[in-house]
Amino acid sequence: MRLYAIETGHFKLDGGAMFGVVPKALWERTNPADQHNRIDMAARSLLIEDGNRLILIDTGLGNKQSDKFFSHYALWGGHDLINSLAKAGFHPDDITDVVFSHLHFDHCGGAIIRNNKGIYEPAFKNARFWSHKDHWQWAVEPNVREKASFLPENIQPIQESGQLNLLDSNSTPLGFDVLLMDGHTEKQMLPIIEYKGKTIVFAADLIPTAGHLPIPYVMGYDTRPLLTLTEKSDFLKTAVEKEYLLFLEHDAQNELISLKNTEKGVRLDETFTLDSYFH
């Protein structure tokens, strides 16, 4: 097995929305804001090469939305999904499986492209797409709070492609377990990867950046913030005890982190890249 960090692009989001009720004077120490109160965000995928399988976890925002849509997210940097895959030595047709932690647009948008005829189609024509069955139902019948994040042009073509596979809470067809979290959205999946003697957890939106490690630092986007508090507290306790490494999807500066206990709770210990830690 080999793991690759795939940088699909960078964007910005409102810092207040990203940290909920936490005052700016506190969260800006780790996540400085620009003049519009926006913080830097990554959309970082994890690629797993395991025998004949090439598994991509999440796919970033993609590029098929309008300029007006992307103007709200202040895209920056030079990364994109296809070029990052090529840098790792792969083509989209090589991907055998795409796993969605959840179906908010910044996690699944790159899975569907708009071809030169204006038709939406899968970017990975040979892949099986995987979503938790309860989350899928949640996404196709969205609540008012999340409707703007579950975009039909991302989700409907996945179903129409015939490539969709739905997981239940007991199935592990991909060779690794997942943690299910319900605070951010219904049945968010956090893959747990055993790799070279270490356990790596794809932290998705439970812990989007290292600045979100303090328990009260919960996004305003979460549908059940009180549940997130409990989920995060329980997870971080286990993560420290078992020496998990966290792969951060949205942290523009920190790719892979270790944790430590402090008087203030679980905090960042060290930061790495996959390559620097394992190779």
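Computed from a predicted model, the values in this text were never measured in an experiment. (Residues numbered from 1 in each chain as written. Predicted model: local features only at pLDDT ≥ 70, side-chain atom pairs only at ≥ 80, totals over all residues. Heavy atoms only, no water.)

Looking at helix 7 (residues 152-160)
Within helix 7, burial applies to Asn 154, Ile 155, Pro 157 and Ile 158. Buried residues along helix 7 sit in contact with helix 5 (105-108), strand 5 (112-114), strand 6 (120-122), strand 7 (128-132), helix 6 (133-140) and strand 8 (164-167). One or two residues past the end of helix 7 sits Gly 162, with phi positive at roughly 80 degrees. (Buried < 20%, exposed > 50% of the residue type's maximum accessible area, 1.4 Å probe, protein only. Helix = DSSP H or I, 4+ residues; strand = E, 2+ residues; numbered from the N terminus. Contact = heavy atoms within 4.5 Å.)

A short note on the sheet that holds strand 8
Taking strand neighbours across the sheet as the criterion, the six strands line up as 1-2-3-4-7-8 in an open arrangement whose pairing is mixed. Of all strands in the sheet, those with a lone pairing partner are strand 1 (2-14) and strand 8, marking the two edges. Averaged over all adjacent pairs, the angle separating strand axes in this sheet is 25 degrees, with direction ignored. In the sheet, strand 1 pairs with strand 2 (residues 38-50) via eleven bridges, with the strands oriented antiparallel. Each bridged residue has a counterpart across the sheet, and for Ile 6 the counterpart in strand 2 is Ser 45. Contacts from helix 4 (residues 81-88) reach strand 1, strand 2 and strand 3 (53-57), with the element oriented near 155 degrees to strand 1. Its contacts with the sheet place helix 6 against strand 7 and strand 8, and it is angled at close to 85 degrees to strand 7. (Pairing = 2+ DSSP bridges. Axes fitted to C-alpha atoms, helices over the stretch in contact; angles between N-to-C directions.)

Focus: unusual backbone geometry
Despite not being glycine, Ala 74 shows a phi value in the positive range, around 45 degrees. For Glu 243, which is not glycine, the phi dihedral falls at a positive 60 degrees. Looking at where Glu 243 falls in the secondary structure, it is placed in the loop between helix 8 (225-241) and strand 12 (245-247).

Structural measurements only, silent on function.
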